[in-house]
Amino acid sequence: MTAPGGEQEELVPSRFTWRYLDAEQARALWSELIDWTTWLRERYELGTKIPPCWYRHDPVVEELSALMAAWTDAYRGDEYRDDLTAWHTQWFRPLMARIRDISDFDSCTHDRCAHQPLPPATLAGIEEFVDADVDARPEPAPATPPPVVDVTAAEEVRTIPTDDMDMAIDSGLAEPLDPADPDSHVSFEGIEWTFNARVGAWVPSA
């Protein structure tokens, strides 16, 4: 993401992003998620929908973390709003409808977890494939250097800050050559001045 001024803004992962959490952050999120999920299972009578071994299933942990974050946002504040209904219809119920499709809960029981995660395999040759894809693409365009401000000797010696020129115009000491034109040259002290955006000041008109 580019911040105002052209600088690259650092993207900081949220505290719900398990992939980037350190030990302290992970412990805090586990504590929050366990407490919230325990409440959720009891409040919505989900003892069979979400088995007791939910924490062993990585996809379910990710989904419940996202659901908890949405719930926290929806229930924040005291004003009347429809976020609470939206949380139920858009996030909670769809997740409950598909939760058994995102993990192997069907093999788990109330007192036994049969979850045996298998690391996903990647076929050999991925590095060569990526290299070939990258090599087939055009080289990045060279970075455009910032414009060079060419300030002439006259501009260095004779410049008038914008505020000073505005005061001179307001007091009648300076006069726009065309009052109807906001970009008009200004006559001041017998010299015709023009605003130079590169310098950010008024300079003698060439």
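Residues numbered from 1 in each chain as written. Predicted model: local features only at pLDDT ≥ 70, side-chain atom pairs only at ≥ 80, totals over all residues. Heavy atoms only, no water.

### Here's the deal with the side chain of His88
Alright, step 1. Summarising the element assignment, His88 is placed in helix 3 (residues 83-98).
Alright, step 2. Looking at His88, the relative accessible area reads 17%, which means it is buried.
Alright, step 3. For His88, the contacting residues outside a window of four places in its chain are Tyr44, Tyr75, Arg93 and Pro94. (Helix = DSSP H or I, 4+ residues; strand = E, 2+ residues; numbered from the N terminus. Buried < 20%, exposed > 50% of the residue type's maximum accessible area, 1.4 Å probe, protein only. Contact = heavy atoms within 4.5 Å.)

### Regarding the nonpolar core
Alright, step 1. If you look at the biggest cluster of nonpolar residues, it comprises 22 residues, and the most contacted ones within it are Leu40, Ile50, Trp54, Leu64 and Leu67.
Alright, step 2. Secondary-structure elements contributing two or more residues to this core are helix 1 (23-43), helix 2 (58-74) and helix 3.
Alright, step 3. The dominant element in this core, judged by the number of residues it contributes, is helix 2, at six residues.
Alright, step 4. Once residues within four sequence positions are removed from consideration, Leu67 is found in contact with Trp36, Leu40, Trp87, Trp91, Phe92 and Leu95.
Alright, step 5. Of all hydrophobic cores here, the second largest spans eight residues; its members include Ile160, Met165, Val186 and Trp193. (Core = buried A, V, L, I, M, F, W, Y, C linked by side-chain atoms within 4.5 Å.)

### Focus: the confidence of the model for the chain
Alright, step 1. In the predicted model, the chain carries a mean pLDDT of 84, and the fraction of residues at 70 or more is 89%.
Alright, step 2. Across the chain, the secondary-structure element scoring lowest on mean pLDDT is helix 5 (residues 153-157), at 45, and the one scoring highest is helix 1, at 95.
Alright, step 3. Considering only residues more than four positions removed or in separate chains, one finds that residues 151-157, a stretch of pLDDT under 50, has seven contacts. (pLDDT = per-residue confidence, 0-100.)

### Here's the deal with the pairing of strand 5 (residues 201-204)
Alright, step 1. Where strand 1 (residues 160-161) and strand 5 come together, two bridges link them in antiparallel fashion. Paired with Ile160 across the bridge in strand 5 is Trp202.
Alright, step 2. Here strand 4 (residues 191-196) folds back onto strand 5, and the loop between the two strands holds four residues, one of which, Gly200, carries a positive phi near 75 degrees. (Pairing = 2+ DSSP bridges.)

### What about the sheet that holds strand 5?
Alright, step 1. Here we have five strands laid out as an open sheet, ordered 1-5-4-3-2, and antiparallel in their pairing. Each having just a single partner strand, strand 1 and strand 2 (174-176) make up the two edges of the open sheet.
Alright, step 2. Where strand 2 meets strand 3 (residues 186-188), three bridges bridge the pair, whose relative direction is antiparallel. Paired with Ala174 across the strands is Phe188, a residue of strand 3.

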